There are 2 protein chains.
Amino acid sequence: MSTNVVGVDMGGTKILSAVIDAEGNILGTAKVSTKADEQTSAVIDRIAESIEKAINKSNVDNASIQAIGIGAPGPLDPETGVVIFAPNLGWRDVPLKAELEARTGFPTFVDNDVNVGTLGEHAFGAAQGVQNVVGIFVGTGIGGGIILKGELFHGASKTAGEVGHIIVKADGPRCGCGTRGCLEAIASRTAMAKQFRKAIKKKGKKSVLTKLTDGDLKIIRSGVLVKAIQANDKLTLKVFKKATKYLGIGIGSIVNFLNPEMIVLGGGVVEALDDTFIDNIRTYAEKYALPDTLNGVQIVRAKLGDNSGILGAAALARQRFEGT
Amino acid sequence: MSTNVVGVDMGGTKILSAVIDAEGNILGTAKVSTKADEQTSAVIDRIAESIEKAINKSNVDNASIQAIGIGAPGPLDPETGVVIFAPNLGWRDVPLKAELEARTGFPTFVDNDVNVGTLGEHAFGAAQGVQNVVGIFVGTGIGGGIILKGELFHGASKTAGEVGHIIVKADGPRCGCGTRGCLEAIASRTAMAKQFRKAIKKKGKKSVLTKLTDGDLKIIRSGVLVKAIQANDKLTLKVFKKATKYLGIGIGSIVNFLNPEMIVLGGGVVEALDDTFIDNIRTYAEKYALPDTLNGVQIVRAKLGDNSGILGAAALARQRFEGT
């Protein structure tokens, strides 16, 4: 009987595939390099290869595999399974679903990586059994996903869940999207790195970050942030307070507008930090949400960590396959 | 056969009831004064009286009435039909549904007035047949409602749709809700009146508003705004540009986050103004929404005007009765 699925987490540098059973147990995994600079067909060959390897390593029959789910970057059409645009991969209009189905023979379902991450938390993580959930993932950027009545909500242009582009401070800092004052432009790791550079290089502020990064403040990894916070670095704490304030304001807007039962916070920055970070965000969300609107709303940490991609893709495969 | 419903629009000064058939035709209406300063039971008696009058005036049998729908102010529980708090009426924890059912004998369904207005546009107005809709009503305050998959969405604390309290400018103008920078604090009629007063009284700016209001700038009615705009009043146009900019930013956030098929704009301010107002809002929404996210999203004017309350309440009665 077909009871297993394969979940694929496709990133710009690596592709992780896993065979997962109905209870969310990971039976076997395989990792390959993306090598995004190679031809699209070669990259898709490697995805198929990682799927085959994961099945072999898990010691299950091909016949036990119901479907494949894959979380991929960039705007994509979850119905046709076409990746519209993925700058990390250099992809435009790639029919990922069709190509993988041709190679593997399994029904394949594709969705956006942050949508898949949110779905993973809903199926196997912090949001199990919760009907209406907003996932917020803070890393290089800020992405998100929306689950309504237990299902991913995609919206009119299939772009729902762009939490990072809620405008929290009109005419505020410039955002990569071309406008100003988006949440991502203040509270993402990229935005924080920019604030550190400005303070240290332009304003001459002292910070342990200079030593921790050997003076290279272009990209600040989450581990470096953790060390700077542990060292009670004044500048880091200030930038952090600002980021949590604005994350709280963004969540306040979401709670006032959509009033979901749960907000799940995940991503590299959230994973690296202790609960003070979440507590700060909650304090600001309480300040900005209308009285009583936060009553039924839980703000929690994501639980799946690095496995959210493969587990979410497994949930996607199962949910979409059963819906067909 | 029961094919008609009664829709009731309950405001702080008047109660309007109407018998409405399955096609949305208004068969008969009755209006009574709310007299909110009287006892709660007397006010509810008058609602029941207006319902009876509307049925009599429409020349239909009581037996033809399927259910009653009523849109009421303030936070309320749409399931129990209890109005939790309505400052305009001086009500706290009033079991409106139960009281009206006891008086009329008809199954009665209650929801928030702006939710009902949005539902009206969905059933009989601008958003017919659209699955996912956000209604935004700009008047003294800014309220809204969310329709997802064809049904009102209430959220975890039954407060979903508080569009006026999306935070668009952190640390911006003070809002009546106790925080700062909410959309309502910049773009509602109350917020605009405040800006006019500040400019005229404190900064000595010239404006036709001084003459149009006989110097009483406490409340600026929509009609006065229209005249000032027609007169090309510099101050009015400036305040208006700001309001439409921030409405556009709020819509930009909504489009990025929820990506609904349609945004319906209604309420006193929107009704009073010509299409330049809507066009301005759309221009700013396009500027603040992510590229491509506005593709499938229509931004339109509400169609039902003063009838949105009774028609929405009729739709509520029908939808909820059929769901029981």
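Residues numbered from 1 in each chain as written. Chains lettered and ligands numbered in written order. Predicted model: local features only at pLDDT ≥ 70, side-chain atom pairs only at ≥ 80, totals over all residues. Heavy atoms only, no water.

Novice: Whenever I open this one, the overall build of chain A confuses me. Can you help?
Specialist: Counting secondary structure elements, chain A contains 11 helices and 13 strands. Against the globule reference of 20 Å for 324 residues, chain A gives a C-alpha radius of gyration of 20 Å, in line with a compact fold. Projected onto its principal axes, the C-alpha coordinates of chain A cover approximately 60 × 45 × 35 Å. Counting every position in chain A, which comprises 324 residues, the buried fraction comes to 58%. At a minimum sequence separation of 6, the contacts of chain A that also span at least 24 residues come to 63%. When the accessible surface of chain A is summed, it comes to about 13400 Å², and 48% of that surface belongs to carbon and sulfur atoms. Chain A carries 38 positive and 33 negative side-chain charges, and their two centres are separated by 14 Å. (Helix = DSSP H or I, 4+ residues; strand = E, 2+ residues; numbered from the N terminus. Rg over C-alpha atoms; globule rule 2.2 N^0.38 Å. Buried < 20%, exposed > 50% of the residue type's maximum accessible area, 1.4 Å probe, protein only. Contact = heavy atoms within 4.5 Å. Areas by Shrake-Rupley, 256 points an atom, 1.4 Å probe, with all protein chains shown as cover. Lys, Arg positive; Asp, Glu negative; His and termini not counted. Charge placed at Lys NZ, Arg CZ, Asp CG, Glu CD.)

Novice: Looking at this structure, how should I read the environment of Pro95(A)?
Specialist: Residue and element names in this part refer to chain A. Tracing the chain through its elements places Pro95 in the loop between β7 (91–94) and α2 (96–104). Separated by 14 residues in the primary sequence, Pro95 and Gly81 have C-alpha atoms spaced 6.1 Å apart. Those residues within four positions of Pro95 in sequence are excluded, and the remaining contacts are Gly81 and Val82.

Novice: Hey, could you run me through the relation of the copies chain B and chain A in this one?
Specialist: Between the two copies of the chain lies a relationship made up of a rotation around an axis and a movement along it. Screw-axis analysis of chain B against chain A gives a translation of 0.0 Å along the axis, an RMSD of 0.0 Å, and a rotation angle of 180°. Overall, the copies show the geometry of a two-fold rotation axis. Scanning chain B for the C-alpha nearest the rotation axis identifies Lys169(B), at a separation of 2.1 Å. An overlap of 100% is found between the interface residues of chain B and their copies at the interface of chain A, pointing to a shared contact surface. (Least-squares fit on C-alpha atoms with pLDDT ≥ 70 in both.)

Novice: Mind showing me how you'd approach unusual backbone geometry here?
Specialist: The bulk of non-glycine residues show a negative phi, and the bulk of peptide bonds are trans. Residues and elements named next belong to chain A. Positive phi is not limited to glycine here, since Asn259 has a value of about 55°. In this structure, Asn259 sits in the loop between α8 (234–257) and β12 (262–266). Even without glycine at this site, Asp292 takes up a positive phi of about 75°. In this fold, Asp292 is placed in the loop between α10 (275–288) and β13 (298–301).

Novice: Looking at this model, I keep getting lost on the sheet that holds strand β11 (residues 151–152) of chain B. Mind explaining?
Specialist: To summarise the sheet geometry, strands pair through backbone hydrogen bonds and adopt either a parallel or an antiparallel arrangement. Residues and elements named next belong to chain B. The strand order across the open sheet formed by five strands is β11-β10-β9-β12-β13, and the pairing between neighbours is mixed. With partners counted over all chains shown, the strands left at the sheet margins are β11 and β13 (298–301), one partner each. Sheet analysis places strand β12 (residues 262–266) next to β13, joined by four bridges and oriented parallel. When the bridges of β13 are listed, Met262 appears paired with Gln298. (Pairing = 2+ DSSP bridges.)

Novice: Would you mind showing me how to read the environment of His154(B) here?
Specialist: Looking at the secondary structure, you find His154(B) in the loop between β11 and α4 (184–187). C-alpha of His154(B) to C-alpha of Gly139(B): the two residues are 15 residues apart in sequence and 22 Å apart in space. Once residues lying within four places of it in the same chain are set aside, the contact partners of His154(B) are Asn259(A), Pro78(B), Asp111(B), Asn115(B), Thr159(B) and Ala160(B). Side-chain polar atoms of His154(B) contact the side chain of Asp111(B), separated by 2.6 Å. (Polar contact = N/O pair within 3.5 Å; in protein donor to acceptor, adjacent residues only side chain to side chain.)

Novice: Quick question: what am I supposed to make of the pattern of salt bridges here?
Specialist: Should the charged atoms of two oppositely charged side chains come close, the side chains can pair. Counting across every chain of the model gives 22 salt bridges over all chains. Taking the shortest distance from any N to any O, the salt bridge between Asp275(A) and Arg301(A) comes out at 3.0 Å. Of this pair, Asp275(A) sits in helix α10 while Arg301(A) sits in strand β13, and the two are 26 residues apart along the sequence. A relative accessible area of 46% places Asp275(A) in the partly exposed class. Salt-bridge contacts for Lys53(B) lead to Glu49(B); the nearest nitrogen and oxygen are separated by 3.4 Å. Here Lys53(B) and its partner Glu49(B) are both found in helix α1 (residues 40–57), four residues apart, which amounts to about one turn of the helix. Owing to a relative accessible area of 39%, Lys53(B) belongs among the partly exposed residues under this scheme. Each of Asp45(A), Glu99(A) and Arg103(A) takes part in one network of salt bridges that share partners. (Salt bridge = Lys/Arg side-chain N within 4 Å of Asp/Glu carboxyl O.)

Novice: Is there a simple way to explain the packing of aromatic side chains in this structure?
Specialist: Think of a pair of aromatic rings as described by two things: how far the centres are apart, and how the planes are tilted against each other in angle. All names here are of chain B. For the structure on display, the rule yields three aromatic pairs over all chains. With 5.3 Å between their ring centres and 65° between their planes, Phe240 and Phe277 make a pair best called edge-to-face. Of this pair, Phe240 sits in helix α8 (residues 234–257) while Phe277 is found in helix α10 (residues 275–288), placing the two residues 37 residues apart along the sequence. We classify Phe277 as buried; its relative accessible area is 4%. A cation over an aromatic ring shows up here: Arg92 above the ring of Phe85, its NZ or CZ 4.2 Å from the ring centre. (Phe/Tyr/Trp six-rings, centres within 6.5 Å; stacked < 30°, edge-to-face > 60°. Lys NZ or Arg CZ within 6 Å of the ring centre and 35° of its normal.)

Novice: How do you make sense of the interface of chain B and chain A when you look at a structure like this?
Specialist: By convention, interface size is frequently given as the accessible area that disappears when the constituent parts associate. Between chain B and chain A, the residue contacts involve 48 residues of the former and 48 residues of the latter. Taken together, both faces of the contact between chain B and chain A bury some 3700 Å²; the carbon and sulfur share is 60%. At the surface where chain B touches chain A, the tally comes to four salt bridges. A salt bridge links Lys245(A) to Asp171(B), with the shortest nitrogen-to-oxygen separation between them at 2.9 Å. Among the elements of the structure, β10 (142–148), α8 and α10 of chain B are those that each provide at least two residues to the side of chain B that touches chain A. With eight residues, α8(B) is the single largest residue contributor to the side of chain B that touches chain A. (Buried area = accessible area lost by both parts, 1.4 Å probe.)

Novice: Please explain the state of the cysteines as it appears in this structure.
Specialist: Each disulfide consists of one covalent bond between the sulfur atoms belonging to two cysteines. Residues and elements named next belong to chain B. Per the counting criterion, the structure on display carries zero disulfides over all chains. Counting only cysteine sulfurs, Cys175 is the nearest neighbor of Cys177, a cysteine outside any disulfide, at a range of 3.8 Å. Accessibility expressed as a relative area gives 24% for Cys177, which makes it partly exposed. With no disulfide of its own, Cys182 lies 3.8 Å from the sulfur of Cys177, the closest cysteine sulfur. (Disulfide = S-S within 2.5 Å.)

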